[in-house]
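# Breakdown of the fold
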Amino acid sequence: MNSQSFRSTAAATQQAAMLCAYLRAHAKRVPEKFSVADAMAVLKELEACWSTPKDLAGALKGMLMERGVRLSHVLALEVAAQLREQSPWLRVQLNLPRPEAALEVVDKNFKSVSVDSWPIAIDHLFASCEHWLREHPNAKVLSISASSCVLGVLGLTFAAPGQGRTSGPEVDFVGHVKASEGHPNWLLSAFAPVERLRRKLEQPGLAVIDGYAILRVLSERRPRWGAELDHFATSIADSGNAELVLRREDSVSLDGFEVARGGEVACWHQFERALDDESGPGPLGAPITIDEEDGAWLCGSARFVWEVVTIRPDQPIPGIIINRLSWRHSKSLLQRYLLAQRIIASPMPAHDEARRLEMFSSPPEKCWLHARRVAERLNAVGSSWEAFCESAGLEPSPLSAPVSLGHFIVLAEYLVLDSPDLLLALPPRRELVAGSEHHLQMFMPRVDRLRYRAPPDLDADRAEQLREVMEEFQASIRLRQGFLQMEAPLPQLVYANDSADLLATIWGMGLQAHLGVIPHLMPLPQEIQDQLRQQREQLAQRAAEANEPFEVAEFHRYALGRALVIDVDWSN
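Residues numbered from 1 in each chain as written. Predicted model: local features only at pLDDT ≥ 70, side-chain atom pairs only at ≥ 80, totals over all residues. Heavy atoms only, no water.

## Brief notes about the pattern of salt bridges
Put simply, the test is: Salt bridges are counted wherever a side-chain nitrogen of Lys or Arg sits within 4 Å of a carboxyl oxygen of Asp or Glu. Relative accessible area decides the class of each residue, using a 1.4 Å probe on protein chains only: under 20% of the type maximum gives buried, over 50% gives exposed, and in between gives partly exposed.
This structure, assessed with the given rule, holds 28 salt bridges. Its salt-bridge partner being Asp250, residue Arg248 comes within 2.6 Å of it at the nearest N-O pair. Arg248 sits in the buried class, given a relative accessible area of 10%. Among the charged side chains, a network of salt bridges with common partners joins Glu195, Arg198, Arg199, Glu202, Glu264 and Arg336.

## Points about the confidence of the model for the protein
Operational definition: For every residue, the predictor assigns a confidence score, pLDDT, that lies between 0 and 100. In what follows, a contact means two residues having at least one pair of non-hydrogen atoms within 4.5 Å.
On average, residues of the protein score 79 in pLDDT, and 80% of them are at 70 or above. Here residues 163-169 is a poorly scored stretch, pLDDT under 50, and it has 13 contacts once near neighbours within four places are set aside; other chains count.

## Description of the pairing of strand β19 (residues 558-570)
Going by this rule: When DSSP locates at least two bridges between a pair of strands, those strands are taken to pair. The helix count covers DSSP runs of H or I at least four residues long, the strand count covers runs of E at least two residues long, and both are numbered beginning at the N terminus.
Relative to β19, strand β17 (residues 449-453) runs parallel, the two sharing five bridges. Among the inter-strand pairings, Arg451 is bridged to a residue of β19, identified as Val565. Pairing of strand β18 (residues 511-523) with β19 involves 13 bridges; the strand directions are antiparallel. In the strand pairing of β19, Leu515 is matched with Ile566.

## Digging into empty space enclosed by the protein
Filter applied, for reference: Detection works on a 1 Å grid of protein atoms alone, calling trapped sets that fit a 1.4 Å probe cavities and calling open sets with protein on both sides within 12 Å along at least five of seven lines pockets, with lining residues defined by an atom within 4 Å of a point. Grid points are joined across faces, edges and corners, and a volume is the space filled by probe spheres set on the points. Residues are sorted three ways: Asp, Glu, Lys and Arg are charged, Ala, Val, Leu, Ile, Met, Phe, Trp, Tyr, Cys and Pro are nonpolar, and all the rest, Gly among them, are polar.
Within this structure, the stated rule accounts for three cavities of 30 Å³ or more. In this model, the largest cavity occupies a volume close to 70 Å³. If you go around the largest cavity, the residues you meet are Tyr212, Ala213, Arg216, Val217, Leu325, His329, Ser332, Leu333 and Arg336. Its residues placed into classes, the lining of the largest cavity shows five nonpolar, two polar and two charged. Considering only enclosed or pocket space, the second largest cavity measures out at about 40 Å³ in volume. Those elements that provide at least two residues to the lining of the second largest cavity are β7 (242-248), β8 (257-262), β11 (302-312) and α13 (437-443). Counting residues per element, the lining of the second largest cavity draws most heavily on α13, at three residues. Tallied by class, residues from the lining of the second largest cavity come to two nonpolar, two polar and five charged.

## What to know about the sheet that holds β17
What counts, and what does not: Whenever a helix is involved, its axis is fitted only over the stretch in contact; in every case the axis is a line through C-alpha atoms, and angles between N-to-C directions fall within 0 to 180 degrees.
Taken in spatial order, the four strands make up an open sheet running β16-β18-β19-β17, and their pairing is mixed. Two strands close off the open sheet at either side, each with one partner strand: β16 (433-434) and β17. When β16 meets β18, the two strands line up antiparallel, connected through two bridges. In the sheet register, Val433 faces β18, and the bridge partner there is Leu515. Of the strands in this sheet, β17 and β19 touch helix α14 (residues 460-480), which is tilted by about 160 degrees from β17.

## Details of the packing of aromatic side chains
Applied cut-off: Only rings of Phe, Tyr and Trp enter the pairing, Trp through its six-membered ring, and a pair is recorded when the two centres are within 6.5 Å. The plane angle decides the type: under 30 degrees is stacked, over 60 is edge-to-face, the rest tilted.
Here the structure, examined in full by the defined rule, presents ten aromatic pairs. Seen in terms of ring centroids, Phe271 and Phe304 are 5.1 Å apart; in terms of plane orientation they differ by 80 degrees. Their pairing is edge-to-face. Of this pair, Phe271 sits in helix α8 (residues 264-276) while Phe304 sits in strand β11, and the two are 33 residues apart along the sequence. Judged by its relative accessible area of 1%, Phe304 is buried. Ring geometry for Trp385 against Phe388: centres 5.6 Å apart, planes inclined by 35 degrees, an arrangement best described as tilted. With Trp385 and Phe388 both in helix α11 (residues 385-392), this residue pair falls three residues apart, about one helical turn.

And the structure:
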């Protein structure tokens, strides 16, 4: 259907007034403060959600619910159909201009195409996924998340673990869909099309969509009326900083402990490993039932509950939102688990890499330098901070202020230090978050090192106790990151109580903890540095032989990671 088929007999204000009148006559509940301006805002937002009447109805219901309007699904379908001019049922004439190129789809070859509806976008995505799966017949897992780093915009991204690896940060790009400029609310109607794509991939047994459960739960936790006060509301856009968490809680009255976190496949894998450690039959022999009261999975004497944990890094103090899966969501997850056993194989393949979160996708832009140590190191090589900045071509800045990460890396390369992190000062308290077990559990699998700061007036006995518990936690981090060679990674269950034990020890000494993440530079092994140096020399020689200008980039002596900061102080 093209744009010429639409009637244009009413101005925008008249359209909004007619919609407002229709809602007041037929909707189950309409707040008195719902105005024509609110109706006009709804129509404006719907321009970014152009799709089938069914998808459009879902977006319309959600937008109206945000404003306190309760509209039945039947009436929402009628409005959506009228907006698409597919039904004469409504007695009002609503004119909504059809957006042009509202969505942009990028396939696995990074070729993009602009489309004006979700069904067409899903068809393109399915073709890209199907093509990739044909090229990798042994691959049975695709992951999906909302990402703002891919192509520099917020979009839904399909990816898969790189071939030859059971896990790892590197992925094969499969497909991506984003909104064209001027359509900020396009994700509001994304879930129904994603569900359609999931069915096309999972039901025929082509692949499992890892991360779908997170999108589903977050999409149903939309803001209520007064959204500016609803800090617990979520949307699909939050999925880039959310992960699924599996907890063992054998008693409703006890807190239990964490078994796994990540996407569905990672949690299912850890779930099976946890059951295999129990006495009695494993997951293939013991039936799994669901507690009708809270949606917990019951398997023998074990009781498992599912949560979606979301971190809000854009807040002054990053907040944690926990959504426990309802009976309906838990049942759907169990059905998909049984389906995945047939698609992938049973037991589930190892998937031990932490789920990628937007908060940790890039290093901090700024860091604090330890002014005295930097001055001493530069003085030892006959230089100063001002002279170093001038020689490196960097804009000078005071050492008392935060500097860019690039400044720090160039400084470390200039001084050729074995432990460049000694030049970093820990950030001030205002840049840290009050320590909780949820924050610590989310940070732990995504950092490479631990740094802590103790109060200067801490007595010797407590200082020694604090040092010992920090060393134990550091050893746990190194073990989890694979610094110790092992035949197979330990189950996540091994680290279940590490965060709680650390915080319990700190609190037991009358102290409190604040958490943060800073850059961590790790010197590359000498053999890798030699390889990089040889490659650089070979490139320079080839450029000289061809008599071609060629600028050879300097290699770096360090790998960039993250360090967890724990700032310990008196609780009062």
